[in-house]
Amino acid sequence: MPNVPSDNPHDNPGDSPDTSAAGARPDPPRRVMMQRRGPILVDGPVEVELEDGGTVFSDRFRVALCTCRRSRRYPWCDTSHRDRM
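Residues numbered from 1 in each chain as written. Predicted model: local features only at pLDDT ≥ 70, side-chain atom pairs only at ≥ 80, totals over all residues. Heavy atoms only, no water.

Draft legend 1. Molecular detail of unusual backbone geometry. Along the chain, Gly44 connects to Pro45 via a cis peptide bond; the corresponding omega equals 0 degrees. Summarising the element assignment, Pro45 is placed in the loop between β2 (40–43) and β3 (46–49). A cis amide bond links Tyr74 with the next residue in sequence, Pro75, at an omega value of 15 degrees. Tracing the chain through its elements places Pro75 in the segment after β5 (62–65). Despite not being glycine, Arg37 shows a phi value in the positive range, around 55 degrees. (Helix = DSSP H or I, 4+ residues; strand = E, 2+ residues; numbered from the N terminus.)

Next up, the structure:
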């Protein structure tokens, strides 16, 4: 099956919402926003698994994940990607 974006997160037959608790509503999908020349914005809270196997957690309502690797607070963005004058 081709990897095609869908408006419905549950279109794939193998995907089913998490309804482990009786009558529980599934968590809504996380929103991830991509920006050209900027961080990846993720609606939180989030847990990020690092390359070395460690994890970091943020309970903020939205986090910015660094994509340029210049951040002193990696994996969190500190705006080091911006051009400086």
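We are not done yet, so read on.
Draft legend 2. Summary view of the sheet that holds β2. Spatially, the three strands line up as an open sheet ordered β1-β2-β5, and their pairing is antiparallel. Among the strands making up the open sheet, the edge pair consists of β1 (32–33) and β5. With two bridges joining them, β1 and β2 adopt antiparallel strand pairing. Bridge assignment links Val32 to a residue of β2, and that residue is Val42. (Pairing = 2+ DSSP bridges.)

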